[in-house]
Every structure is written in C-alpha cells, then in structure tokens.
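# Examining the three-dimensional arrangement
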Amino acid sequence: MSTSPSEYYDEERWSNWLDRLRDEDIDPEDEESARLLLNLQDDTAIAIVKIVADYDEGELGEDPALEELATVRDIVLSEVDFDDEEKLMLIDGVQTSLVCVFYAAEEYIAAGPPEEGTVEEYIRAAADAEAEEDLDAALANCARAGTLLFAGESLDMGVAEDIEYGLVAEWVNGLDSLGTALADPEVIDEDE
C-alpha cells in the first residue's frame, strides 16, 4: 500500500470529522446522521487496516507499525470537547467501538491470530466474560476475533443478535467496521 507514515491518519482529519459533527443536526434515528457516524468510524478503521497491510507487506516493521497505531489511537481516542451532550455520547460510542479495533491490530502485529477458534467463538466468549463482569477478558476475546479478521476470516453479524447491549456489542460494532475496511480499504471522503 506504501503510505508514508504521516498519511495514515492525522489530527486534521479527525478534527474535520468532529467539525462536521458539530455543524450537523445529529439524530441517531436518522439514516444520514447514522451514516455520518458510521463513516467516521469506518474511516478510522481503514487507517488501521492500511497500517496493518503495510506491516504484512513488509513496508513497516513491528515497532514502527505499533507506533503508527499508537499515534492514530492517541488522536481518535482522545477526549473530545463538545457542548452538545448527545453528540458527545455518540462520539463516545464510536470511540468505544474502535477500542477493540486498535487492540486487535496491536495483537495481530505483536502475536498474530490465535491458532484455534473462530471469530464467532471469541465473540461469544467475550459476551460470556462481560456477563461475568470480566471486561479485560471480554476485550481480549474481541481483540482475538479481530486478529482473525486481519488473517482473512469474516464476521457474521448474526452473532451480534444474541449479545446484550453493552461493551461487547459496541466492540462487535467496531469489528464490523474493521471487516468493512478489510473488504474495501478506500478512504472515506469526509463530505460523504
């Protein structure tokens, strides 16, 4: 993919998305509003996919790839200053969804995908761990599911139907964006 390190994702890109959200009337029930939030999330997932792809292709070593992920994570997961509480909650939802994508990318680069298990098995294990209030195990299992996506497996979103709303449901939403980005890693125009 050969992207220069400064081009994966930058503060300006994130700020442009946030400015757009500030300027829009956001209604999560409205299709256009939902699409804007999904595009924001998918755009970040695409940047993560490009970093991992460059790692896989040997254009980035392990440490530089992890550093690039950390840079993007610091930008996207930083505290956001919004006066509108509802918009702030929606952005927080996007950020929460992306946490798992970052962990999955880091795990994939540092250790690779697990040798056993499927995406769905890891997601179910994550939901079970969340039910037991073991959020570290829940996130670890979602991240393992994500490493399998990087390795070429796919996510059947039917698995999400059985998951109660909570962190795992948010993380699975992020994994869905990861799957979309892996299938079509084209940059999303902020005007879409």
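Residues numbered from 1 in each chain as written. Predicted model: local features only at pLDDT ≥ 70, side-chain atom pairs only at ≥ 80, totals over all residues. Heavy atoms only, no water.

## A look at the overall build of the chain
On a plain count of helices and strands, the chain comes out with seven helices and zero strands. Scanning the chain from its N terminus toward the C terminus, one meets helices and strands in the order α-α-α-α-α-α-α. Here the C-alpha atoms of the chain give a radius of gyration of 16 Å, agreeing with the 16 Å that 2.2 N^0.38 yields for 192 residues. Its C-alpha atoms put the chain at 45 × 40 × 25 Å along the principal axes. When the 192 residues of the chain are sorted by exposure, 47% land in the buried category. Partitioning the contacts of the chain with sequence separation of at least 6, the portion at a separation of at least 24 is 78%. Surface summary for the chain: the accessible area is close to 10,000 Å², and the carbon and sulfur share equals 41%. Here the chain contributes 9 positive and 56 negative side-chain charges, whose respective centroids are spaced 3 Å apart. (Helix = DSSP H or I, 4+ residues; strand = E, 2+ residues; numbered from the N terminus. Rg over C-alpha atoms; globule rule 2.2 N^0.38 Å. Buried < 20%, exposed > 50% of the residue type's maximum accessible area, 1.4 Å probe, protein only. Contact = heavy atoms within 4.5 Å. Areas by Shrake-Rupley, 256 points an atom, 1.4 Å probe, with all protein chains shown as cover. Lys, Arg positive; Asp, Glu negative; His and termini not counted. Charge placed at Lys NZ, Arg CZ, Asp CG, Glu CD.)

## Things to note about the packing of aromatic side chains
Summed over the entire model, instances satisfying the criterion amount to one aromatic pair. With a centroid separation of 5.4 Å and an interplanar angle of 35°, the aromatic rings of tyrosine 108 and phenylalanine 150 are classed as tilted. Here tyrosine 108 is found in helix α4 (residues 85–111), whereas its partner phenylalanine 150 is found in helix α6 (residues 135–150), with 42 residues between them in sequence. Positioned above the aromatic ring of phenylalanine 82, the side-chain terminus of arginine 22 is 4.3 Å from the ring centre. (Phe/Tyr/Trp six-rings, centres within 6.5 Å; stacked < 30°, edge-to-face > 60°. Lys NZ or Arg CZ within 6 Å of the ring centre and 35° of its normal.)

## Some words on the side chain of lysine 87
Inspection of the secondary structure puts lysine 87 in helix α4. Among buried charged residues, lysine 87 stands out as having no salt bridge; its nearest opposite-charge side chain is aspartate 84, 4.5 Å away. Within polar-contact distance, the side chain of lysine 87 engages the backbone oxygen of leucine 21 at 2.8 Å. Apart from residues no more than four positions distant in its own chain, lysine 87 is found in contact with Leu21, Arg22, Asp23, Glu24, Ile26 and Phe82. (Salt bridge = Lys/Arg side-chain N within 4 Å of Asp/Glu carboxyl O. Polar contact = N/O pair within 3.5 Å; in protein donor to acceptor, adjacent residues only side chain to side chain.)

## With respect to helix α7 (residues 167–183)
With 17 residues, α7 ought to run about 24 Å at 1.5 Å a step, and its terminal C-alpha atoms sit 24 Å apart, in line with that. Every buried residue of α7 is accounted for by Val168, Glu170, Trp171, Val172, Gly174, Leu175, Ser177, Leu178 and Ala181. On the buried face of α7, the contacting elements are α2 (31–56), α4, α5 (119–131) and α6. (Expected span 1.5 Å × (residues − 1).)

## Some remarks on the packing of α2 against α7
Following both chains from N to C, one finds α2 and α7 inclined at 60°, their axes separated by 8 Å at the closest point. Between α2 and α7, the angle is such that the two are oblique. Here α2 runs over α7; the crossing is right-handed. Of the residues in α7, those touching α2 at Leu38, Gln41, Asp42, Ala45, Ile46 and Val49 are Asn173, Gly174, Ser177, Leu178, Thr180, Ala181 and Leu182. (Axes fitted to C-alpha atoms, helices over the stretch in contact; angles between N-to-C directions. Parallel < 35°, antiparallel > 145°, perpendicular 65-115°, else oblique. Left-handed = near helix turned anticlockwise from the far one by under 90°.)

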